[in-house]
Amino acid sequence: MDIVIVGAGNVGRALAGGWRKAGHKVTLAVRDTSGAKAAELKQQGFSLVEPKDAAKAGDVIVLSVPWPALANAVQSLGSLAGKVVVDAINPLTADMSLAIGHDDSAGETVARLAGGARVVKAFNTTGADNMADSGYGGGKLMMPIAGDDADAKTIVMSLARDLGFEPVDTGPLAMSRHLEPMAMVWIKLAIVQKMGRDFGFAVLRR
């Protein structure tokens, strides 16, 4: 698939690297395609595109930007109608708490901002290191996914498998209200409780 990732932070680069290894064409959408950071990304083998051209370049658009930058990022992309848009964002405040919750979510915010897009919540419940390498001896890490469009979820679940995760369909996009607090458990354990980043969540079945 042609995948465009908006944002070139740790998560964006980890997803890009994994999908590129899986055979997908991956492009990073960045504001500055000619600066020093852009040169570094190009040296690492990434193709770059300006945000205004992202929708034309990708079948799937992945949002991987900080929460405060979300509205401007979506606006810069133009129309996303009909596109599969993956929201990998957690709505974090500066002190690593949730900015919204209970009756709203980042996933639902993306759907409001990107009218007509087929929004799927995914890739927010674990860290970039696990996205770059999801392999653990005890089994596969889970990747919970939520969305209102069944076909879009099928596409994103396949992309999760390509990274070595076990995708789990958790239901409609409103389930983002639960997946984002779930991400906070991983974040708090990794950073505040100092467990480190080499752990993840899995589903065990009898």
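Procedures and definitions
Residues numbered from 1 in each chain as written. Predicted model: local features only at pLDDT ≥ 70, side-chain atom pairs only at ≥ 80, totals over all residues. Heavy atoms only, no water. Helix = DSSP H or I, 4+ residues; strand = E, 2+ residues; numbered from the N terminus. Buried < 20%, exposed > 50% of the residue type's maximum accessible area, 1.4 Å probe, protein only. Contact = heavy atoms within 4.5 Å. Areas by Shrake-Rupley, 256 points an atom, 1.4 Å probe, with all protein chains shown as cover. Lys, Arg positive; Asp, Glu negative; His and termini not counted. Charge placed at Lys NZ, Arg CZ, Asp CG, Glu CD. 1 Å grid on protein atoms, 1.4 Å probe; cavity = no way out; pocket = protein on both sides within 12 Å on 5 of 7 lines; lining within 4 Å. Points joined across faces, edges and corners; volume = space filled by probe spheres on them. Nonpolar A, V, L, I, M, F, W, Y, C, P; charged D, E, K, R; others polar. Core = buried A, V, L, I, M, F, W, Y, C linked by side-chain atoms within 4.5 Å. Phe/Tyr/Trp six-rings, centres within 6.5 Å; stacked < 30°, edge-to-face > 60°. Salt bridge = Lys/Arg side-chain N within 4 Å of Asp/Glu carboxyl O. Pairing = 2+ DSSP bridges. Axes fitted to C-alpha atoms, helices over the stretch in contact; angles between N-to-C directions. Right-handed = clockwise from strand over helix to strand, strands pointing away.

1. Description of the overall build of the chain
The helix and strand inventory of the chain stands at 8 helices and 8 strands. Principal-axis analysis of the C-alpha atoms places the extent of the chain at approximately 50 × 35 × 35 Å. Scored against the burial criterion, the 206 residues of the chain give a buried share of 49%. Sequence-distant contacts in the chain: of pairs separated by 6 or more residues, those separated by 24 or more amount to 66%. Counting every atom, the chain has about 9800 Å² of accessible surface; 52% of that belongs to carbon and sulfur. Computed over 22 positive and 21 negative side-chain charges, the inter-centroid distance for the chain is 3 Å.

2. Observations concerning empty space enclosed by the protein
The final tally for this structure, using the stated rule, is 1 cavity of 30 Å³ or more. The space that makes up the largest cavity amounts to roughly 40 Å³. Lining the largest cavity are Thr125, Thr126, Leu141, Met142, Pro144, Met182, Gly200 and Phe201. Partitioning the lining of the largest cavity into residue classes produces 5 nonpolar, 3 polar and no charged.

3. Structural notes on the nonpolar core
Within the largest apolar cluster, 34 residues are counted, with the highest numbers of intra-cluster contacts made by Ile5, Trp19 and Phe123. A per-element tally of this core places helix 7 (residues 150–162) first, with 5 residues. In this view, Ile5 contacts Gly12, Leu15, Ala16, Trp19, Val26, Thr27, Leu28, Ala29, Val62 and Ser64; residues no more than four positions away in its chain are not counted. Of all hydrophobic cores here, the second largest spans 23 residues; its members include Val6, Ile61, Trp67 and Val74.

4. Here's the deal with the packing of aromatic side chains
The final tally for this structure, using the stated rule, is 3 aromatic pairs. With a centroid separation of 5.4 Å and an interplanar angle of 80°, the aromatic rings of Trp19 and Phe123 are classed as edge-to-face. Placement of Trp19 in helix 1 (residues 10–21) and of Phe123 in the loop between strand 6 (118–121) and helix 6 (128–132) is noted, with a sequence separation of 104 residues between them. The exposure class assigned to Phe123 is buried, which follows from its relative accessible area of 1%.

5. Notes on the pattern of salt bridges
Counting across every chain of the model gives 10 salt bridges. Within this structure, Glu50, Lys52, Asp53 and Lys56 form a network of salt bridges that share partners.

6. Quick notes on the sheet that holds strand 7 (residues 142–147)
Pairing is mixed across the open sheet formed by 8 strands, whose spatial order is 3-2-1-4-5-6-7-8. Two strands close off the open sheet at either side, each with one partner strand: strand 3 (47–49) and strand 8 (166–169). Shown here is a sheet whose adjacent strand axes are inclined to one another by a mean of 30°, direction ignored. As judged from the 2 bridges shared by strand 6 and strand 7, these two strands associate in the antiparallel manner. Residue Val120 lies in a different strand from strand 7, and its bridge partner there is Gly147. Across the sheet, helix 8 (residues 176–192) is in contact with strand 5 (84–87), strand 6 and strand 7; its angle to strand 7 comes to roughly 150°.

7. Some thoughts on the pairing of strand 5
Where burial is concerned, the two faces of strand 5 agree: the one with Val84 and Val86 and the one with Val85 and Asp87 are both buried. Pairing geometry for strand 4 (residues 60–63) and strand 5, over 4 bridges, is parallel. Looking at the pairing, Leu63 lines up with Asp87 of strand 5. Running through helix 4 (residues 70–77), the crossover from strand 4 to the neighbouring parallel element strand 5 is right-handed.

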